[in-house]
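Summary of the model geometry
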Amino acid sequence: MGERSRLLFEKAKKYIPGGVNSPVRACKAVDMDPPFITEARGCLLKDADGNEYIDYVCSWGPMILGHARPEVVRAIENSARNGTSYGAPTELEVEMAETIVEMVPSIDMVRMVNSGTEATMSAIRLARGYTGREEIIKFDGCYHGHADSLLVSAGSGIATLGIPGSPGVPPDLARHTLSLPFNDLDTVKEAFQEFGTRIAAVIVEPIPANMGVIIPDMGFLRGLREITAAHDTLLIFDEVISGFRVAPGGAQELYGITPDLTCLGKIIGGGLPVGAYGGRREIMIKVAPEGEVYQAGTLSGNPLAMAAGLATLRILKDGGIYSELERKAVKLFSGIKDAASKAGVDVRINRVASMGSLYFTSTEVRDFQGAKSSDAQRFKIYYRRMIQEGIYLAPSPFEAMFVSAAHDDEMIEKTINAAAAALGSL
Ligand code: KE4
């Protein structure tokens, strides 16, 4: 890494835990110091030492239109001239809510918050408040932000409810969350036989993207929908990543499944801090001040974030952009796959629309066990060569690559050539 980034990292570590404001950015999984980014435009990032990269992190998903998209920057500038936050209702929030309701099939009403974590934390509380039940089911390898009830690891088998996934999560709370293998409907059925009438909600990333990208088996999501409906349990789709990414209406549009609640984030803020949760009216009216389930936020729905998010959703809404995103993603991932076979390197690529991930393994990856069995050492070598070639990937084998509207064919071809060099060096 360049000297300026190195010096900045040394200084950052004096004042910020690990030198970063979110752990994955510290690049620990690839034994590297992170480049400090100074600017971004389109699909390109520039670091403090002037190095340029083609960006496939896209701020972990939000930048589906690319960085510094003129319509988004203009919307932020125009909004900022009228002040940055009022702590009072605004027309922008009404337009945002109306747009989400129009775009996401299952949402009748929506509440804006400031992060994906707030969205899922609030949805869980709402599900417990609405059903009067306490147990939650999540899936191994799915990440829903860092709320205590969701920082829970799988116990050993069904009978053992969740164990804390982090120090500071009280075991008494963790035991109310059961973490099960994704794509395993039989285990879900067993859990409902054991705990059915106590389960408030099943929360799932319909297309997991925090253990790399995992493709839901045909029937898995529909099975979750049927089992939860049969037990009056709420089905919560955490679409913080997949929302507006895989289709205008997210995974629920792509797969035709209607959850009871949906959590949103990332793209919805156009790069500013925004999250949201929404769903059926009869559930959402339980949220304060209309109902008694309390949730609040100083900056929720603030005009700057609404302006950036609306400028983004207005471009995504008619759906025209998705066929081009699909074409580019197919070009990218098939190019990398061909490069791997030419280099004689065993890889599996899971892709849905414009997000995908590369696993160094010779077997299909359809759950967390499969993702964990891929070769992390090979990923590290691959990652380090790719960044040397000017390709900026997520520094973890358990994240996704995102293609944006700003990635053009030339950049994709450059990426494929870099992958050929990196794979050839393994
Ligand atoms: P935030 O609180 O980070 O805005 O959102 C939490 C969250 C919720 N649900 C899903 C499906 C998510 O992927 C996330 C956050 N994603 C991670 C990366 N996959 C954010 C990156 C980071 O933690 O720095």
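Our subject is the structure that appears above.
Structural notes, computed from the coordinates. (Residues numbered from 1 in each chain as written. Predicted model: local features only at pLDDT ≥ 70, side-chain atom pairs only at ≥ 80, totals over all residues. Heavy atoms only, no water.)

1. Looking at the environment of Ile215
Our working rule: Under the DSSP-based scheme used, a helix requires at least four consecutive residues in state H or I and a strand at least two consecutive residues in state E, with every element numbered from the N terminus. To sort residues, take the accessible area from a 1.4 Å probe on protein chains only and compare it with the maximum for the residue type: under 20% means buried, over 50% means exposed, and anything in between is partly exposed. Contacts between residues were defined by any pair of non-hydrogen atoms, one from each residue, lying within 4.5 Å.
Mapped onto the elements of the fold, Ile215 is located in the loop between β9 (199–204) and α7 (220–230). In this structure Ile215 comes out as partly exposed when scored by relative accessible area, which is 35%. Taking C-alpha positions, Ile215 is 7.5 Å from Arg351, a pair spaced 136 residues apart along the chain. Those residues in contact with Ile215 that sit more than four places away from it in its chain are Phe182, Asn183, Asn350, Arg351 and Val352.

2. Structural notes on the site of the ligand
Applied cut-off: We call a residue near a molecule or strand as soon as one heavy atom of that residue lies within 4 Å of the molecule or strand. Polar contacts here mean pairs of N or O atoms no more than 3.5 Å apart (in protein, one a potential hydrogen donor and the other a potential acceptor; neighbouring residues in sequence count only if both atoms are side-chain atoms). All accessible-area figures derive from a Shrake-Rupley calculation using a 1.4 Å probe, and residue coverage is judged against the displayed protein chains alone. Ten residue types, Ala, Val, Leu, Ile, Met, Phe, Trp, Tyr, Cys and Pro, are classed as nonpolar, four, Asp, Glu, Lys and Arg, as charged, and the remainder, Gly among them, as polar.
Residues in contact with the ligand amount to 16 residues; listed here are only the nearest, Ser22, Thr117, Asn210, Asp238 and Glu399. At 3.0 Å, a backbone N or O of Gly116 approaches an oxygen atom of the ligand. Measuring from a nitrogen atom of the ligand, one finds a side-chain N or O atom of Asn210 at 2.5 Å. Coverage of the ligand by the protein amounts to 85% of the 540 Å² it exposes when considered alone. By residue class, the composition of the shell around the ligand is five nonpolar, seven polar and four charged.

3. Focus: the pairing of strand β5 (residues 135–139)
Quick reminder of the rule: DSSP bridges decide pairing: two strands pair if at least two such bridges lie between them.
Counting buried positions along β5 gives five out of five residues, so the element sits mostly inside the fold. In this sheet, β9 lies alongside β5 in parallel orientation, the contact comprising three bridges. Bridge pairing links Ile136 to Ala201 in β9. In this sheet, strand β8 (residues 177–180) lies alongside β5 in parallel orientation, the contact comprising four bridges. Bridge pairing links Ile136 to Thr177 in β8.

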